[in-house]
Amino acid sequence: MSCFEHDKYAAGSQFITHTIGRVLQKLGPETTPINTKGYEKLLNLMENTTADSFDLYCGLFMYNNNSMEVLEKLDAALESLKRELFGKVLEKLEKRVGKESRLALPPPLSRNIEKLQVEMKKDALS
């Protein structure tokens, strides 16, 4: 295996795994009385990756040119997922209350939906 291949595989497996584990740590999940197997796996991922030093994680980033691309793809994936989710909520709300009605939504959701509406209008014009 070439060094290039090794680094590409390492960024796509080790670095993303450690990144997701550290993101989970920032979210602060805790065990609950209704843990699912998937949730247990996330907790285990967080515990396993954060048991390693931050220096190890930093090294996975600093010494692998592919790691930045992984971070950028992760950021883009999260933004895409949010747009998809808010778009689905908007679609359901429009069907339910009609386009002319105003529905009282929690401010964070309302702002995100309004932002999505602006983006969708821009996309339609281009």
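Note that the structure is a prediction, hence the values are computed from the model and not measured.

Helix and strand content of the protein chain: five helices and zero strands. Reading the secondary structure of the protein chain in the N-to-C direction produces α-α-α-α-α. For the protein chain, the C-alpha radius of gyration of 20 Å lies well beyond 14 Å, the compact-globule estimate for 126 residues. For the C-alpha atoms alone, the extent of the protein chain along its principal axes is close to 60 × 45 × 20 Å. Across the 126 residues in the protein chain, those meeting the buried criterion constitute 20%. In the structure as shown, the protein chain presents an accessible area of about 9900 Å², 59% of it carried by carbon and sulfur atoms. Both charge centroids of the protein chain, one from 18 positive and one from 18 negative side chains, sit 8 Å from each other.

We now examine the confidence of the model for the protein chain. A low pLDDT score tells you not to read the predicted coordinates there in detail. The predicted model of the protein chain averages 88 in pLDDT, with 91% of residues at 70 or higher. Highest mean pLDDT in the protein chain belongs to helix H2 (residues 37-51) (97); lowest belongs to helix H5 (residues 107-125) (73).

It is at 10 Å that the axes of helix H1 (residues 3-27) and helix H3 (residues 54-62) come closest, and there the two elements cross at 135°. On the basis of the axis angle, H1 is oblique to H3. H1 and H3 meet at a crossing whose hand is left-handed. Two secondary-structure elements touch here, H1 through Gln 14, Phe 15, His 18, Thr 19 and Arg 22 and H3 through Phe 54, Leu 56, Tyr 57, Leu 60 and Phe 61.

As annotated by UniProt and renumbered to match this structure, "domain: TYRAAT2-like C-terminal" (unreviewed entry) occupies residues 23-95. Here residues 23-95 runs as 79% helix and 0% strand, with 35 Å between its end C-alpha atoms.

Each value, and the rule that gives it
- Residues numbered from 1 in each chain as written.
- Predicted model: local features only at pLDDT ≥ 70, side-chain atom pairs only at ≥ 80, totals over all residues.
- Heavy atoms only, no water.
- Helix = DSSP H or I, 4+ residues; strand = E, 2+ residues; numbered from the N terminus.
- Rg over C-alpha atoms; globule rule 2.2 N^0.38 Å.
- Buried < 20%, exposed > 50% of the residue type's maximum accessible area, 1.4 Å probe, protein only.
- Areas by Shrake-Rupley, 256 points an atom, 1.4 Å probe, with all protein chains shown as cover.
- Lys, Arg positive; Asp, Glu negative; His and termini not counted.
- Charge placed at Lys NZ, Arg CZ, Asp CG, Glu CD.
- pLDDT = per-residue confidence, 0-100.
- Axes fitted to C-alpha atoms, helices over the stretch in contact; angles between N-to-C directions.
- Parallel < 35°, antiparallel > 145°, perpendicular 65-115°, else oblique.
- Left-handed = near helix turned anticlockwise from the far one by under 90°.
- Contact = heavy atoms within 4.5 Å.
- UniProt positions renumbered as here; feature names shortened; annotations may be inferred.

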